[in-house]
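# Survey of secondary and tertiary structure
Residues per chain are reported as follows:
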Amino acid sequence: MIAPLVARGLTKRYGTTCLFEHLDLDLEAGEVLVLVGPNGAGKSTLIGCLTGGVVPDAGSVVLGGHDLRSAPLAARAALRFLPQEVEVPQGLTGRELVEFYAGVFGEPLGRERAIALADLGPAIDHLATTYSLGMRKRLVAAALTLGEGVLYVLDEPFAGLDRQARAALIAALVAARAAGVALVLSAHDPEDIAALGGARVLELGRPIAA
Ligand SMILES: Nc1ncnc2c1ncn2[C@@H]1O[C@H](COP(=O)(O)OP(=O)(O)OP(=O)(O)O)[C@@H](O)[C@H]1O
């Protein structure tokens, strides 16, 4: 079975400040890794290195057996990413966006399931740019479950969600995990970590200036 995530020797510095170095990560199907640490510890930067938005100073990332640098399209096809700030394109309703994701992720028939999971009521037919942060997160988090992602990476997924949306997202993540999806997420609240049904925790400390 191909591991959803293998990272080797990840190192990232900004100037003389080292956020992490020589970091190895391995996640098997269904495993969960939670990144914790104070503000500025480097959680989002590490997530950026795992999802291709930040180039590490050293090291490699392999997603679902595909190297993020040498085979970025195949690696990204295995990945579902929920960033901390969820941006949506102009001019599309929530429904149209879900239809777009369903096509890109190769599960066009899953769109009604994702729309039900987003649970936005009549707002699903409003322009997504009018949504609150929590509504945008509901929409995109539901779309992540489309297709055959093997690794979900979520940057502070529960921030800005109300209780009902948080419970729905946790249920969706627990179900994905049971289906073999591995998860990497950053979180501040131990309750969220417990709700996922057990996870490995990686604690990042305050960055060290050389
Ligand atoms: N592009 C950049 N250039 C320089 N420094 C950066 C850059 N991006 C992030 N940093 C710095 O790297 C450090 C880690 O930032 P990061 O956003 O990864 O932390 P975090 O653990 O996600 O924080 P938070 O919990 O507040 O979201 C911070 O000191 C930040 O200022």
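Only a predicted model underlies this, so the values are computations on that prediction, with no experimental measurement involved.

### Structural notes on the site of the ligand
- Around the ligand, the neighbouring residues are Tyr-14, Leu-19, Gly-37, Asn-39, Gly-40, Ala-41, Gly-42, Lys-43, Ser-44, Thr-45 and Pro-207.
- A per-class count over the shell around the ligand returns four nonpolar, six polar and one charged.

### Some points on the packing of helix α3 (residues 94-104) against helix α4 (residues 111-118)
- Relative to each other, α3 and α4 sit at 130 degrees, their axes nearing to 9 Å. When the axes of α3 and α4 are compared, the pair comes out oblique. Along this stretch, α3 crosses α4, giving a crossing that reads as right-handed. Facing α3, whose interface residues are Gly-94, Arg-95, Val-98, Glu-99 and Ala-102, α4 presents Arg-111, Ala-114, Ile-115 and Ala-118.
- For the contact of α3 with α4, the per-class residue count stands at five nonpolar, one polar and three charged.

### Topic: the nonpolar core
- Residues Leu-63, Leu-139, Ala-143, Leu-151, Val-153 and Val-184 are the most contacted members of the largest nonpolar core, which totals 57 residues.
- Ignoring anything within four residues of it in the chain, the contact list for Val-153 reads Ile-47, Leu-50, Thr-51, Leu-79, Phe-81 and Val-184.

### As for the sheet that holds strand β3 (residues 32-36)
- Pairing in this open sheet of five strands is parallel, and the strands run β6-β7-β8-β3-β9 from one edge to the other. The strands lining the two open edges of the sheet, one partner per strand, are β6 (79-82) and β9 (200-203). Direction aside, the axes of adjacent strands within the sheet are offset by 15 degrees on average.
- Note that β6 and strand β7 (residues 151-155) share four bridges and pair parallel.

Quick notes on the rules
Residues numbered from 1 in each chain as written. Predicted model: local features only at pLDDT ≥ 70, side-chain atom pairs only at ≥ 80, totals over all residues. Near = placed C-beta within 6 Å. Nonpolar A, V, L, I, M, F, W, Y, C, P; charged D, E, K, R; others polar. Axes fitted to C-alpha atoms, helices over the stretch in contact; angles between N-to-C directions. Helix = DSSP H or I, 4+ residues; strand = E, 2+ residues; numbered from the N terminus. Parallel < 35°, antiparallel > 145°, perpendicular 65-115°, else oblique. Left-handed = near helix turned anticlockwise from the far one by under 90°. Contact = placed C-beta atoms within 7 Å. Core = buried A, V, L, I, M, F, W, Y, C linked by C-beta atoms within 7 Å. Buried ≥ 20, exposed ≤ 12 C-beta atoms within 10 Å, placed from the backbone. Pairing = 2+ DSSP bridges.

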